[in-house]
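Residue strings, one per chain:
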Amino acid sequence: QQKVQQSPESLTVSEGAMASLNCTFSDGTSNNFRWYRQHSAKGLEVLVSIFSDGEKEEGRFTAHLNRANLHVSLHIREPQPSDSAVYLCAATNAYKVIFGKGTHLHVLP
Amino acid sequence: ETAVFQTPNYHVTQVGNEVSFNCKQTLGHDTMYWYKQDSKKLLKIMFSYNNKQLIVNETVPRRFSPQSSDKAHLNLRIKSVEPEDSAVYLCASSLDWGGGQDTQYFGPGTRLLVL
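Basis of the calculations
Sequence order as written defines residue numbering, which begins from 1 separately in each chain. Chains carry letters and ligands carry numbers; both start at the beginning, A for chains and 1 for ligands, and go up in the order they are written. Per-residue local features of the predicted model are confined to residues with pLDDT of at least 70, and side-chain atom pairs are confined, for both listing and counting, to 80 or more; whole-chain, interface and lining totals are unaffected and use all residues. Excluding hydrogens and water, the side-chain figures rest on all heavy atoms present in the structure. The helix count covers DSSP runs of H or I at least four residues long, the strand count covers runs of E at least two residues long, and both are numbered beginning at the N terminus. A radius of gyration in this sense is built from C-alpha atoms; the matching globule rule multiplies 2.2 Å by the number of residues raised to 0.38. Burial classes: relative accessible area under 20% of the type maximum marks a residue as buried, over 50% as exposed, and values in between as partly exposed (1.4 Å probe, protein chains only). The contact criterion used throughout is that any non-hydrogen atoms of two residues lie within 4.5 Å. To measure how exposed things are, a 1.4 Å probe is used in the Shrake-Rupley method; for residues, cover is taken only from the protein chains shown. Charge assignment: positive for Lys and Arg, negative for Asp and Glu; neither His nor the chain ends contribute. Where a charge sits is defined by one atom per residue type, namely NZ (Lys), CZ (Arg), CG (Asp) or CD (Glu). A pair of strands is treated as paired once DSSP finds two or more bridges between them. In this analysis, axes come from line fits to C-alpha atoms, helices being fitted only over the stretch in contact, and the angle between any two N-to-C directions falls in the range 0 to 180 degrees. Defined by distance alone, a disulfide is two cysteine sulfur atoms within 2.5 Å. Buried area adds together the accessible area that both of two parts lose upon being put together, with accessible area traced by a 1.4 Å probe. Here, a salt bridge means any Lys or Arg side-chain nitrogen found within 4 Å of an Asp or Glu carboxyl oxygen. As used in this structure description, the phrase polar contact means that two N or O atoms lie within 3.5 Å; if the pair is within protein, one of them must be able to donate a hydrogen and the other to accept it, and residues adjacent in sequence are counted only when both atoms belong to side chains. When the centres of two rings from Phe, Tyr and Trp lie within 6.5 Å, Trp using its six-membered ring, the rings pair. Their planes under 30 degrees apart give stacked, over 60 give edge-to-face, and anything left gives tilted. Cation placement over rings: the criterion is NZ of Lys or CZ of Arg within 6 Å of the ring centroid and within 35° of the ring normal.

Remarks on the overall build of chain B
Helix and strand counts for chain B stand at 0 helices and 11 strands. For a compact globule of 115 residues, the expected C-alpha radius of gyration is about 13 Å, and chain B comes in at 13 Å, within 12% of that figure. Taken along the three principal axes of its C-alpha coordinates, chain B extends 40 × 30 × 25 Å. Scored against the burial criterion, the 115 residues of chain B give a buried share of 47%. In chain B, the proportion of contacts linking residues at least 24 apart, taken out of those at least 6 apart, comes to 55%. Surface summary for chain B: the accessible area is close to 5700 Å², and the carbon and sulfur share equals 48%. Separation of charge centres in chain B, based on 12 positive and 11 negative side chains, amounts to 5 Å.

Digging into the sheet that holds strand β8 (residues 71–76) of chain A
Residues and elements named next belong to chain A. Here 5 strands make up an open sheet; going across it, the order is β1-β3-β8-β7-β6 and the pairing antiparallel. The sheet is open, and its two edges are formed by β1 (4–7) and β6 (54–58), each paired on a single side. Neighbour to neighbour, the strand axes of the sheet diverge by 20° on average, direction disregarded. As paired elements, strand β3 (residues 19–25) and β8 share 6 bridges and run antiparallel to each other.

Some points on the environment of His106 of chain A
All names here are of chain A. Its place among the elements puts His106 in strand β11 (residues 103–108). His106 gets classed as partly exposed once you look at its relative accessible area, which sits at 37%. Here His106 is in contact with Ser10, Leu11, Thr12, Val13 and Ser84, once residues within four sequence places are set aside.

Looking at the state of the cysteines
Within this structure, the stated rule accounts for 2 disulfides over all chains. The disulfide that involves Cys23 of chain A links it to Cys89 of chain A, with 2.1 Å between the sulfurs. With the S-S bond torsion at -75°, the cross-link from Cys23 of chain A to Cys89 of chain A turns out left-handed. Taken together, the positions of Cys23 of chain A in strand β3 and Cys89 of chain A in strand β9 (residues 85–92) put the pair 66 residues apart, joining distant regions of the chain. Sulfur-sulfur distance for the disulfide between Cys23 of chain B and Cys91 of chain B comes to 1.8 Å. With the S-S bond torsion at -80°, the cross-link from Cys23 of chain B to Cys91 of chain B turns out left-handed. With Cys23 of chain B in strand β3 (residues 19–25) and Cys91 of chain B in strand β9 (residues 87–94), the pair connects residues that are 68 residues apart, well separated along the chain.

A short note on the interface of chain B and chain A
Of the residues lining the interface, 22 residues belong to chain B; the matching set on chain A comes to 24 residues. When chain B packs against chain A, close to 1800 Å² is buried across both sides, 53% of that on carbon and sulfur atoms. Across the contact surface, chain B and chain A share 0 salt bridges. On inspection of chain B and its partner chain A, the count reaches 3 residue pairs in polar contact (both at pLDDT 80 or more). When contributions to the side of chain B that touches chain A are tallied by element, the ones reaching two or more residues are β4 (31–37) and β10 (105–106) of chain B.

Quick look at the pairing of β8 of chain A
Residue and element names in this part refer to chain A. Relative to β8, strand β7 (residues 61–66) is paired through 6 bridges, and the arrangement is antiparallel. When the sheet's bridge partners are listed, Phe61 is paired in β8 with Ile76. From the end of β7 to the start of β8, which pair antiparallel, there are 4 residues, and Leu70 there has a positive phi angle of about 55°.

Brief notes about the packing of aromatic side chains
Considering all chains together, one arrives at 9 aromatic pairs over all chains under this definition. On the numbers, 5.4 Å between centres and 85° between planes, the contact of Tyr36 of chain A with Phe106 of chain B is edge-to-face. Placement of Tyr36 of chain A in strand β4 (residues 32–38) and of Phe106 of chain B in strand β10 is noted, with the two residues assigned to different chains. Comparing Tyr36 of chain A with Phe106 of chain B shows no difference in burial state: the two are buried. Taking 5.4 Å as the distance between ring centres and 45° as the angle between the ring planes, the aromatic pair formed by Tyr35 of chain B and Phe106 of chain B counts as tilted. Here Phe106 of chain B lies in strand β10 and Tyr35 of chain B lies in strand β4, a separation of 71 residues in the sequence. Residues Tyr35 of chain B and Phe106 of chain B agree in their burial class; the two are buried. Ring-pair connections join several aromatic residues into one group, and the members of that group are Tyr36 and Phe99 of chain A together with Tyr33, Tyr35 and Phe106 of chain B. Sitting over the face of the ring of Phe5 of chain B, Lys24 of chain B holds its NZ or CZ atom 5.7 Å from the ring centroid.

Given below as structure tokens:
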């Protein structure tokens, strides 16, 4: 079964500095990838969906997919303290969505 | 803007009791899901329903049973809860099953604590 690993587990950045999160998956069976954000005690908010190799930008959030390296990343431009949350990577194949364990992002003012 | 609604927000109960969680989506989606999120934030799919029909049933204990009255509602019943059932239960919906192409929209979750 597809496995999704996220790194780092925790990341602290200063307000305005680029934040970069990583996600690796175990095989090439997934056909699309998404990044979600979860604020404490709240549901998940979808940030970016990406289906093809390359980049996909949604506002300050940019996902980069490299299937050959089994890797998808998320870059957050000019992060704000309100971006502090858990960021979850999800890989989807025909029947399942597999989530990583998340990266805790802390943005310091 | 919330379009996937879950009740209750929190529920505390004792081992052996039965609990029921409700989920409603107002997005007009055909597919709904239940996920379990453990204390380490790991999300795992439990069930998927498409147009009131069960399409995915992961290996979950038999005490868990989904209930769908129409495609906008998907409830989750747990008979005889156990301590390891303590978690956040997240409901989600997507436009269609579509091989997972459609984005899933999540509710705020129901936090269950089993004493």
